[in-house]
Amino acid sequence: MLNEASGKSQEQNWMIEETCFNERYQGKYESILALGNGYLGLRSAMEEPYIGQTRNLFVAGTYDKFDATEVTELPNAADLTEMFIHFNDEPFSLKNGKVLEYSRKLNLKTGELTRSIVWENSRSERYQMTFGRFVSLDDRHLIGIKVDIVPLTVPAEITVKTGINGRQTNSGVQHFHDGDKRVYEDRYMQLIQTTIESNIGFVINSRVRLYIDNKEVVNPGGYSLERRSIYQNSKISIDPGATLTIEKLSNVFTSLDSDIGTGLRVEGLIKHSLEHLSEVCKMRYDSLLANSKAKWQKYWEEARVEIQTSDAFDQLAVRFAQYHLLIMTPFHDERFSIGAKGLTGEGYKGHVFWDTEIFILPYFQHTFPAIARTLLRYRFNTIDGARNKAHQFGYKGAMYPWESALSGAEETPEWAAINIMTGKATRIWSGIKEHHVTADIAYAAWNYYLSTVDEDFMNEFGSEIIFECAEFWYSRLEWSEAKKAYHIHDVIGPDEYTEHIDNNAYTNYMAEFTIRTAIQLYELGIRKNWSHFQHIVNQLRLEERMARYRGVVDRIYLPQPDADDIIPQDDTFMSKGCINLEKYKRSDEKQTILKEYTREQVGDLQVLKQADVVMLLYVLRNRFSPKVKQANWEYYEERTIHDSSLSAAVHGIVANDFNCSEAAYRFFQKAARIDLGPNPVSSNDGIHAASMGGIWLAVVMGFGGVSNDNGTLHLEPKLPEPWERLSFNLWWQGEKLHLEITKTRIKITKASVTGMDLIVKGNRYTLLSELTL
Ligand code: IFM
């Protein structure tokens, strides 16, 4: 049996299935099968322990910094999933005995993870086991676990030890002070943890109940305290054919929670959380799961993207992406945003990158606009951190951090791990030099506004973000007498293999975009006379700023296509040498080129880690002709290793723009296999959040051909060869459109009859309630 995520599975492609247990794949499956609800993220480690397993439970936004030498990160809270199960004194483990049947499945439709096993121990006793687990979408604090065990051959004495284990660390870093542990009312186990530096209190409670053939057995055992953990120990004898059911309901609360009134410290949380668990325990696992399923159903009704195709994997991939997009997003709280690995692993320490605004935000903007607004509010809430960073580096306005956590301060580590051979550490420059994030955020805020017309957002929050980003870029420009233009020196563009470069095309165009947008926004705000706007005009002295911006905006150096239509990635890129990249491109392992070349050597070659000019062709999509897009795509793709998960989807979208449907589809499939493909270690540190957004972008913006040209909706659909039909909902300027696309027909419907202008395949139409072309 193949141990890989399979596309051809039950229930019409809603299942990600692991068909046999292989320790080598543990990390991958823990991540791709992870559960969550945007508040909690629970990595899917098995209940019974295995070497190499990583148990992770993250609560969004609860960052902590262990000490001055460490970086702020999302702490790994106490584990609730671990279970030690013995049958007639023999421990249950897939490493021992015989596994006669095995299947573990994540149902993307319902958010439930299940595992069915028939296992034979060393004495040839057989047991059938079914595990179920969910993180509730209906109640963000709730985690449910259920195990059904049927001895198939002999009577069995079964012992079960499970509880709350606070010995978890982030790869050895313990972020918590040990707190009280105790049992309330002889049923509720409780463990308290407080983060070391940020002083966030976590209160975690669990209740374990046992049933034989659905009749409750009153805790046949007791409780035990161990260092940093508390357990319930049960021992029970059952006959062959009878079913022992273990149900464990747990909740997690922290002193950062906003739904229970902020400022509730641990004492308050203890009471509140126990009341919550006692209320929850009036129900059984199945009913609580049903409540959560109902919320998932609502989600899918809105978010559903349907692909009729001969390759069922494509449909599965987009559902997989949409599943993860929801569980990674703290849509409940505008103080937080999305980490580069969502809430599925320790990778990138839970930090927020441009991934959110450029790769993920469009999904929410067009599917759940309110969530997109919440994500942008995070950047508004952290603007003071960005202002401080600008000040610290001698610039003005807001300079957003390359890696962000709670405060908006720069969180990028300054040094990479020490090279064990040379004893030297490599400097990480992205926190200091990768500035384009400050344009990406302004770009995202403006695009959100254009596609939602959310004036309230722009008035209250968005305009301040955009004006402060523009002010940063203004202060970042330098006049070049030689070129008679404003330059941007010494940056890292999206291609992180090339550091300290001048006039990175992506950065310059996006900086110009930001300043030009600020001018447009200023004129709009004045014209609309937004209530808060005059306050911003005065506070940021916008009249004076606008005079300055108007004086520079047409003189910012924007690298132009050369005689062969190639836009130089930066001032020196075209003069560098080339090498054959095939073996690095083919390698499953990432960044293998750095094993053969130093960073400096790579920087002196025409070698790209990820889309850079191609990224520009995507973000400013309507600014470049198909001819220029094709020339640059072909030139730069040959030189790109795609060592970042952000690269493939964008290459697919741009290929569509110049009608290369074969490449568009090939890159879509490459993006879809970043986490779901056969590579056993692809997702050990967590899933690739930006790639999840990228998969949706490749489908809707790529094959669906959706784009936004300064507030006008453009549709240029091009289905790939194997697809017969694509349909999805798309929110546009306050209305929900439904699009159905086949190779010969486009049908757009909406509920209202108010006219909406849009461009389809280059022609202008007015959509009333239906338009079929
Ligand atoms: O933001 C990305 C970056 O572009 C490439 N390295 C990984 C980061 C986080 O996903």
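Here, residues in each chain are numbered from 1, in the same order as that chain's written sequence. Only residues with pLDDT of at least 70 are given local features in this predicted model, and only at 80 or more are side-chain atom pairs given and counted; all residues enter the totals for whole chains, interfaces and linings. Neither water nor hydrogens contribute to the side-chain values; these are computed over all heavy atoms in the structure.

Caption draft 1: Focus on the side chain of S292. By definition, any uninterrupted DSSP run of H or I lasting at least four residues is a helix, any uninterrupted run of E lasting at least two residues is a strand, and each is numbered from the N terminus. For S292, the position within the fold is in helix α4 (residues 285-303). Burial classification: accessible surface area is computed with a 1.4 Å probe over protein chains only, and a residue below 20% of its type maximum counts as buried, one above 50% as exposed, and the rest as partly exposed. Judged by relative accessible area, S292 falls into the buried class, the value being 1%. A polar atom in the side chain of S292 sits 3.0 Å from the backbone nitrogen of L137. By definition in these notes, contact holds between two residues if any of their heavy atoms fall within 4.5 Å. Beyond its immediate stretch of four places on either side in the chain, S292 contacts F134, V135, S136, L137 and D138. Polar contact is defined as a pair of N or O atoms within 3.5 Å, subject to the rule that within protein one atom must be able to donate a hydrogen and the other to accept it, and that residues adjacent in sequence are counted only when both atoms are side-chain atoms.

Caption draft 2: How the structure looks around empty space enclosed by the protein. Two kinds of site are reported from a 1 Å grid over the protein atoms alone, namely cavities, where a 1.4 Å probe fits but cannot get out, and pockets, open sets with protein on both sides within 12 Å along at least five of seven lines, and residues are called lining when an atom falls within 4 Å of a point. Grid points are joined across faces, edges and corners, and a volume is the space filled by probe spheres set on the points. One pass over the full model with this rule turns up five cavities of 30 Å³ or more. Approximately 60 Å³ is the volume found for the largest cavity. Taken together, A60, G61, Y63, L74, M328, P330, S337, I338, G339, G342, L343 and G350 make up the lining of the largest cavity.

Caption draft 3: Geometry of the pattern of salt bridges. Counted as salt bridges are all cases of a side-chain nitrogen of Lys or Arg within 4 Å of a carboxyl oxygen of Asp or Glu. One pass over the structure, following the stated rule, counts 58 salt bridges. Salt-bridge contacts for D79 lead to R55; the nearest nitrogen and oxygen are separated by 3.8 Å. Of this pair, D79 sits in the loop between β4 (57-59) and β5 (83-87) while R55 sits in the loop between β3 (40-42) and β4, placing them 24 residues apart in sequence. In terms of burial, D79 and R55 fall into one category: buried. Here the salt bridges share partners, and the residues they tie into one network are D384, R387, E464, E468, E471, E544, R545 and R548.

Caption draft 4: The arrangement of the sheet that holds strand β6 (residues 90-91) in detail. What the five strands build is an open sheet, ordered β6-β5-β11-β17-β16; its pairing is antiparallel. Each end of this open sheet is capped by a strand with a single partner; those strands are β6 and β16 (221-226). Note on pairing: two strands pair once DSSP finds at least 2 bridges between them.

Caption draft 5: Local environment of the site of the ligand. Proximity is defined per residue: if any heavy atom of the residue lies within 4 Å of a molecule or strand, that residue is considered near it. Around the ligand, a shell composed of A340, Y348, F353, W354, D355, W402, E496, K609, Q610, S644 and L646 is seen. A distance of 2.9 Å separates an oxygen atom of the ligand from a polar side-chain atom of W354. The separation between an oxygen atom of the ligand and a polar side-chain atom of D355 is 2.5 Å. Per-residue and other accessible areas were derived by the Shrake-Rupley procedure at a 1.4 Å probe size, with only the shown protein chains allowed to occlude residues. Here the ligand, which alone exposes 280 Å², has 94% of that area covered by the protein. Under the convention adopted here, Pro, Cys and the residues Ala, Val, Leu, Ile, Met, Phe, Trp and Tyr are nonpolar, Asp, Glu, Lys and Arg are charged, and Gly plus all remaining residues are polar. When grouped by side-chain class, the residues that make up the shell around the ligand number six nonpolar, two polar and three charged.

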